[in-house]
Every structure is written in structure tokens, then in C-alpha cells.
Amino acid sequence: MAAIETAGLTKRYGDVTAVDDLELTVEEGEVFGFLGPNGAGKSTTIDLLLDFVRPTAGSATVLGYDAQAAPQKVSQRVGVLPEGFDVYPRLTGRRHVEFAIETTDADDDPDAILERVGLEPDARDRPAGEYSTGMRQRLATGIALVGDPDLLLMDEPASGLDPHGIRDLQTLVREEADAGTTVFFSSHILEHVEAVCDRVGVLVDGQLAAVDTIAGLRASVGTGATMELTLAGRVDRAAETVAALEGVTDVTTTGSTLECLVTHPRAKALAVTELEDAGMTVRDLRVEDASLESLYTTLTDEQAADVAAEALEDGSGSDTNAEHEPEAVG
Ligand SMILES: Nc1ncnc2c1ncn2[C@@H]1O[C@H](COP(=O)(O)OP(=O)(O)OP(=O)(O)O)[C@@H](O)[C@H]1O
């Protein structure tokens, strides 16, 4: 059974199509990153899964339950970290967690939960209204863990967290996954999902533009990485040596530095070996993976091209469902 399955899921707000014919499957036990630029429809999708909003068309199944027909069943087994969590300003952090435990009939130890999310003992008894943004986010994460859910739905969980907080969150997500929990979380920052996700789905304009591992995604959209090699002494033949390698393009040299695009992972090591074999010395090597922005741009451009091609093929131009899935292509 899939943890999440949507079929033709669509949500329109007037003229705005927030979620557009979404076909998404998240397997049980996986950590799934739901990526997309601002306004792509990520929060709306989560709201649809939780029956906070009703779909215009299509359906969603969460942990085997129809999200619209059995929302209580869903909420009993799902832990939710909502975007922009509101605290009760006068209640302490501990009281928030105790309250969540009482209302869900769970038997968790509030301190054990607060410990896991890194809220220090002295902070636990302070009114949550005094909490920093990161502390509120940690508290909200703790509340999502109450009742040991089978599925964690997290909307921008890294929002407001400092680097320590982000690392703690990543550890927690992995621990949950190791214990068998499915984790689905949205983000518009690739680095936040990259470290922990088994797969990612990229949402662009309410449509799933890609579903894959991050490595697979990078390979399939061909954006690869930028490699910068700094050589000692001669660079005269370096450019042609590197350019001759498979998976290397756009080679340029500036002084003793050579820059190129690498679309095949093996090409990086090969470039160094070939240069050294040709009598050159590589002093430094820097590799910068494709940014999320370039992935979005490539995926959006591909989507636009697909729409145009389909419109030309059927002569109507009316079908705008241009789903592109690298998994199917690669
Ligand atoms: N209640 C609403 N009424 C009208 N339009 C809405 C409503 N909720 C969302 N939208 C619109 O739907 C689109 C998708 O919004 P959504 O919040 O789902 O995006 P998102 O991917 O979560 O964005 P972000 O990363 O900025 O949180 C946007 O164009 C937004 O303006």
C-alpha cells in the first residue's frame, strides 16, 4: 500500500489552478521531498491530503484512507507540521505537547519528545509566546511526533531553523524513517531535502514536473555540475584534454583555471587523471552541483516545450497537462 496516492487531484481558486491534475505516489517508509518554487502548490497539496480544503476534481488516499471520505482516520495516524505554526502565547512548550497528548489519547512522555526536538529543559517551562522562530518550529515538530504517527507531513519544516536546527531536523527525519515512518516534506530549498530524501517530486505550477532521486533528477535534466580545476604551471593543452572526455562540455580557461560543465559523475575523477597523465598538476578542484534554480528553470522550460509540442501535435492547443517524468525517460 502506498502511503500517499493522488489521482487527478486538482484545486482551483477562481482563475488560479493551485494543484493541477496531480498524480503522486509516495511509498510507505520513504522520505519524500516535495520541492517547488513559491506558489507552486505544495501547501495546497498538503491541505488537500488533510481535507483542510476540498479538491475541485480528483482524489487522494492517505495510508489507505480516502482523504475526503475518512479525514478522521487520516488525522489519527498522521503527524502534521503546518506552515506558520501558531502557538498559544501564554502556554508553555511542555503544556502544548501535553495538550496534544491528551487530545489524541496518546501515551508519550512530553519531556522525551521535547528532548528529541532539542528544546532545552529551561525553555520547556517558558511561555511559548516568548519563543524564537526556531524554538517555535522545534515545538511544532514535537507536536507532530505525538502519537508516533505512521506518516509525517511537514510543510517547510526547516523554516526559521539555524544550521544546528537543520542538522537536528535531518537526524530526526532519518530516525523516524528508520523506525518505519513515512516522511513527506515540502521545501523550496534543495539543500534541505537533499541530505535526507530517498526521492523528490518537483512541483511547478501545480503540476508534477519530475519525480526521481536528486542524483537521477540532476542527471535526467542534464544540468550536471560546474567543475573548476586550478592547475600549477602549464594549462595550454588542459582545455582540449578535458573537452575530449565524455560528459564534459563548455570548457573555458582563465589564467591557470579551467572551468567546465560536467554531466557525467565519472568525468570529474577522469579529468584529474587525464590531466596528471598528460604531465599537468592539478592544484585544486571545486565542484558545484546544479542549483535548484537551474533545475526549476530546466524543468519549467521542458514543461513549456512539451505543452507547445502537444498543442502542435493535436492541433488544438488545449491540453495543458504536460507531465514530464525523468524516471520514465531515463
Ligand atoms: N485560499 C486561497 N485562495 C486563493 N488562492 C490561493 C489560496 N491558497 C493558495 N492559493 C494560490 O494557490 C497557488 C499555490 O499556493 P501554495 O500556497 O499551495 O504554494 P506553495 O508551493 O506552498 O508556496 P510557498 O512555497 O510560497 O509556500 C498560489 O498561486 C496561491 O496564491
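Residues numbered from 1 in each chain as written. Predicted model: local features only at pLDDT ≥ 70, side-chain atom pairs only at ≥ 80, totals over all residues.

With that out of the way, let us pick up the overall build of the protein. For the protein, the count of helices and strands is 13 helices and 15 strands. The buried share of the protein, reckoned over its 330 residues, is 39%. A sequence separation of at least 24 residues applies to 68% of the contacts in the protein between residues at least 6 apart. (Helix = DSSP H or I, 4+ residues; strand = E, 2+ residues; numbered from the N terminus. Buried ≥ 20, exposed ≤ 12 C-beta atoms within 10 Å, placed from the backbone. Contact = placed C-beta atoms within 7 Å.)

Within the largest apolar cluster, 65 residues are counted, with the highest numbers of intra-cluster contacts made by Val62, Leu153, Phe184 and Val202. The element best represented in this core is helix 6 (residues 133–145), accounting for 6 residues. The residues contacting Phe184, other than those within four sequence positions of it, are Ile4, Val26, Phe32, Phe34, Leu151, Leu152 and Leu153. By size, the runner-up hydrophobic cluster in this structure holds 13 residues, among which are Val251, Val262, Ala267 and Leu275. (Core = buried A, V, L, I, M, F, W, Y, C linked by C-beta atoms within 7 Å.)

Across the interface, helix 3 (residues 93–103) lies against helix 6 with an axial gap of 9 Å and an inter-helix angle of 20°. It follows from the interaxial angle that helix 3 and helix 6 lie roughly parallel. Pair helix 3 / helix 6 crosses with right-handed handedness. Across from Gly93, His96, Val97 and Ala100 in helix 3, the residues of helix 6 making contact are Leu139, Gly142 and Ile143. A breakdown of the residues in the contact of helix 3 with helix 6 according to their chemical character gives 4 nonpolar, 3 polar and no charged. (Axes fitted to C-alpha atoms, helices over the stretch in contact; angles between N-to-C directions. Parallel < 35°, antiparallel > 145°, perpendicular 65-115°, else oblique. Left-handed = near helix turned anticlockwise from the far one by under 90°. Nonpolar A, V, L, I, M, F, W, Y, C, P; charged D, E, K, R; others polar.)

All residues adjacent to the ligand are Tyr13, Val16, Ala18, Gly36, Asn38, Gly39, Ala40, Gly41, Lys42, Ser43, Thr44 and His188. Among the secondary structure elements, those contributing two or more residues to the shell around the ligand are strand 2 (16–22) and helix 1 (42–49). Among the elements that line the shell around the ligand, the one with the most residues is helix 1, at 3 residues. Classifying every residue of the shell around the ligand gives 4 nonpolar, 7 polar and 1 charged. (Near = placed C-beta within 6 Å.)

This part covers the domain arrangement of the protein. Interface extent is often summarised as the accessible area lost during association of the parts. Each assigned domain of the protein is listed here: domain 1 (2–214) and domain 2 (224–289). Each of domain 1 and domain 2 was reduced to a C-alpha centroid, and the two centroids are 42 Å apart. (Domains from an automatic or database assignment.)

The next point concerns the sheet that holds strand 10 (residues 199–204). In spatial order, the strands read 7-8-9-4-10-11; together these 6 strands make up an open sheet with mixed pairing. Edge positions in the open sheet fall to strand 7 (78–81) and strand 11 (207–212), since each of these has one partner strand only. Neighbour to neighbour, the strand axes of the sheet diverge by 15° on average, direction disregarded. The strands that helix 6 touches are strand 7 and strand 8 (151–155); relative to strand 7, the one it contacts most, it runs at about 170°. Along the sheet, helix 7 (residues 163–178) contacts strand 4 (31–35), strand 8 and strand 9 (182–187); its crossing angle with strand 9, the most-contacted strand, is approximately 150°. (Pairing = 2+ DSSP bridges.)

Counting buried residues in strand 8 gives 5 out of 5 residues, a clear majority hidden from the surface. The alternating pattern of strand 8 places Leu151, Leu153 and Asp155 on one face and Leu152 and Met154 on the opposite face, and all of these are buried. Judged from the 4 bridges that link them, strand 7 and strand 8 form a sheet pairing that is parallel. Residue pairing across strands places Val78 opposite Leu151, the latter belonging to strand 8. The sheet contact formed by strand 8 and strand 9 spans 5 bridges and is parallel.

Another aspect to go through is the confidence of the model for the protein. Summarising the model, the protein shows a mean pLDDT of 86, and 87% of its residues fall at 70 or more. This prediction of the complex comes with two scores: 0.76 for pTM and 0.98 for ipTM. (pLDDT = per-residue confidence, 0-100.)

Each α-helix winds once per 3.6 residues, and so residues spaced three or four apart point in a common direction. End to end, helix 7 covers 23 Å across 16 residues, agreeing with the expected 22 Å (1.5 Å per residue, within 8%). When helix 7 is considered as a whole, its buried residues turn out to be Gly165, Leu169, Leu172, Val173 and Glu176. Looking down the long axis of helix 7, one finds its buried residues gathered within 100° of arc, a one-sided arrangement. Exposed and oriented more than 90 degrees from the buried face of helix 7 are Pro163, His164, Glu175 and Asp178. Those residues of helix 7 that are buried are in contact with strand 4, helix 4 (110–116), helix 6, strand 8 and strand 9. Looking one or two residues beyond helix 7, the residue adopting positive phi is Gly180, at roughly 100°. (Expected span 1.5 Å × (residues − 1). Arc of directions from axis to C-beta.)

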